[in-house]
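Close look at the chain arrangement
Listed below, chain by chain, are the residues.
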Amino acid sequence: MQKRTIRQIVTGLPASDGAGVKLKRVIGQPDLRYLDPFLMLDEFRSDQPGDYIGGFPAHPHRGFETVTYMLAGKMRHADNHGHSGIIEAGGVQWMTAGRGIIHEEMPMQEDGLMWGFQLWVNLPAEQKMRAPRYQEFGSAQIPELKLANGLVRVVAGRIQDAEGQWLEGPVADIAAQPMFLDLRLESGDFLLPTASDWVGFVYLYQGELSLDERQLQVGQLARLSPGDELQLQGQGRAIIVLGKPIAEPVVQYGPFVMNSQAEIEQAIRDYQAGKF
Ligand code: MN
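Here the structure is a predicted model, which is why all the values come from computation and not from measurement.

**Concerning the overall build of the chain**
Along the backbone of the chain there are 1 helix and 24 strands. The C-alpha radius of gyration of the chain comes to 18 Å, within 12% of the 19 Å expected for a compact globule of 276 residues. Based on the C-alpha atoms only, the size of the chain along its principal axes is roughly 55 × 40 × 35 Å. Of all 276 residues assigned to the chain, the portion counted as buried reaches 52%. When the accessible surface of the chain is split by element, carbon and sulfur atoms take 47% of a total near 12,000 Å².

**Thoughts on the sheet that holds strand β4 (residues 38-46)**
Sheet architecture is open: 7 strands sit in the order β2-β3-β4-β11-β6-β9-β12, paired in antiparallel fashion. Looking along the sheet, the strands with just one partner apiece sit at the ends: β2 (13-17) and β12 (133-137). For this sheet, the mean angle separating the axes of adjacent strands, direction not counted, is 20°. In this structure, strand β3 (residues 21-27) lies alongside β4, joined through 3 bridges in antiparallel fashion. Looking at β4, one finds that Ile 27 is bridged to Leu 41.

**Topic: the sheet that holds strand β10 (residues 101-107)**
Sheet architecture is open: 4 strands sit in the order β5-β10-β7-β8, paired in antiparallel fashion. Either end of the sheet is taken by a strand with one partner, and the two such strands are β5 (56-61) and β8 (84-88). With strand direction ignored, the average angle separating the axes of adjacent strands in the sheet is 25°. In this sheet, β10 lies alongside strand β7 (residues 74-79) in antiparallel orientation, the contact comprising 5 bridges. Directly across from Met 75, in β10, lies its bridge partner Pro 107.

**Some words on the nonpolar core**
Counting 31 residues, the largest nonpolar core has Leu 41, Phe 180, Phe 201 and Ile 239 as the members making the most contacts within it. Contributing elements (two or more residues each) for this core: β3, β4, β6 (64-72), β9 (92-96), β11 (114-122), β14 (150-156), β19 (199-211) and β22 (229-243). With residues up to four places along the chain from it excluded, the contact list for Phe 180 reads Val 67, Tyr 69, Trp 94, Leu 119, Arg 153, Val 154, Val 155, Ala 156, Ile 239, Ile 240 and Val 241. In terms of nonpolar packing, the next biggest core, distinct from the first, is built from 24 residues, Met 179, Leu 183, Val 202 and Leu 232 among them.

**Topic: the packing of aromatic side chains**
All chains considered together, the criterion is met by 10 aromatic pairs. Ring geometry for Phe 117 against Tyr 203: centres 5.8 Å apart, planes inclined by 85°, an arrangement best described as edge-to-face. Of this pair, Phe 117 sits in strand β11 while Tyr 203 sits in strand β19; the two residues are 86 residues apart in sequence, bridging distant segments of the chain. Each of the two residues, Phe 117 as well as Tyr 203, counts as buried. Consider the rings of Phe 256 and Tyr 271, whose centres lie 6.1 Å apart with planes at 65°: the pair is edge-to-face. In this pair, Phe 256 is assigned in strand β24 (residues 256-258) and Tyr 271 in helix α1 (residues 261-272), connecting sequence segments 15 residues apart. Ring pairing ties together the aromatic residues Trp 115, Phe 117, Tyr 203 and Tyr 205, which thus form one cluster. The positively charged end of Arg 45 is found above the aromatic ring belonging to Trp 115, 3.8 Å away from the centroid. Sitting over the face of the ring of Trp 166, Arg 158 holds its NZ or CZ atom 3.8 Å from the ring centroid.

**A few points about the environment of Val 92**
Within the secondary structure layout, Val 92 lies in strand β9. The buried category is assigned to Val 92, whose relative accessible area is 2%. Leave out the neighbours within four places in its chain, and Val 92 touches Val 67, Thr 68, Tyr 69, Ile 87, Gln 135, Glu 136, Phe 137, Ile 142, Val 155 and Val 171.

**Comments concerning the side chain of Ser 225**
By the element assignment, Ser 225 lies in the loop between β21 (220-224) and β22. For Ser 225, a relative accessible area of 6% gives the class buried. If we skip the residues at most four places from it in the chain, Ser 225 touches Lys 3, Arg 4, Thr 5 and Arg 7.

**Thoughts on the pattern of salt bridges**
Here the structure, examined in full by the defined rule, presents 8 salt bridges. One salt bridge in this structure joins Lys 3 and Glu 229, with 3.9 Å as the shortest N-O distance. Taken together, the positions of Lys 3 in the segment before β1 (6-11) and Glu 229 in strand β22 put the pair 226 residues apart, joining distant regions of the chain. On the accessibility criterion, Lys 3 (39% relative accessible area) is partly exposed. In this structure, Asp 17 engages Arg 25 in a salt bridge whose closest nitrogen and oxygen atoms are separated by 2.9 Å. Connected through salt bridges with shared partners, the residues Asp 17, Arg 25 and Asp 42 form a single ionic network.

Criteria and cut-off values
- Residues numbered from 1 in each chain as written.
- Predicted model: local features only at pLDDT ≥ 70, side-chain atom pairs only at ≥ 80, totals over all residues.
- Heavy atoms only, no water.
- Helix = DSSP H or I, 4+ residues; strand = E, 2+ residues; numbered from the N terminus.
- Rg over C-alpha atoms; globule rule 2.2 N^0.38 Å.
- Buried < 20%, exposed > 50% of the residue type's maximum accessible area, 1.4 Å probe, protein only.
- Areas by Shrake-Rupley, 256 points an atom, 1.4 Å probe, with all protein chains shown as cover.
- Pairing = 2+ DSSP bridges.
- Axes fitted to C-alpha atoms, helices over the stretch in contact; angles between N-to-C directions.
- Core = buried A, V, L, I, M, F, W, Y, C linked by side-chain atoms within 4.5 Å.
- Contact = heavy atoms within 4.5 Å.
- Phe/Tyr/Trp six-rings, centres within 6.5 Å; stacked < 30°, edge-to-face > 60°.
- Lys NZ or Arg CZ within 6 Å of the ring centre and 35° of its normal.
- Salt bridge = Lys/Arg side-chain N within 4 Å of Asp/Glu carboxyl O.

The quantities given are spatial measurements derived from coordinates; they are silent on function.
Take a look at the structure:
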């Protein structure tokens, strides 16, 4: 077995997006522009309503997927095709924007803690113009593997329990074939077999965890080397995300992510012409 090591440690940068929502940008900032297939990772966490109340008013997306995973609070989303719903603590929304949607993501609370992540996952050329699709699952629909020393929530991908039974996350049929786990480790070690060439990261959002003999601080992402096993130690909570690289040119203009400048210009024209 080849253990995954740390290629880079990236600290989330304070940023603001939407209508003034304060967040930490972890992927998609100068220290880590792109971790193919992952275009962006934001953590939003605040119990100050002024930090989140503005939400993310109507905006378009084309050419990739947005993933919202909530730890606390409630967010309502609605799009221009009549789809709407509520993402609550412990739940996930995996939205494949494909050829285009216009949506808003707004807090459904006026006080209290709002905490979660938004991850952007790229699509390969042949899927960038596919029809939009949602995969939405509440907390109860996300399987949890109880460990002697913690818990793993399986949002996407699959892991094996001690008896060899597979637990499979509900998000399926995604081009990047992602694994998305939420690990809550109380003590000791966690060992995870991983597809060896899948690119990925560990992002620590609470407590203290170490891997590859290095201690991560809260708000830090460890970009992983290839390898078929990941080992973490300590008492902390982290998301572990791996995916298959897409290995195509990336041309991004805000919420449009395509393969060429001509496709970006087309996206802008289509958006302005009301074709989303
Ligand atoms: Mn959005």
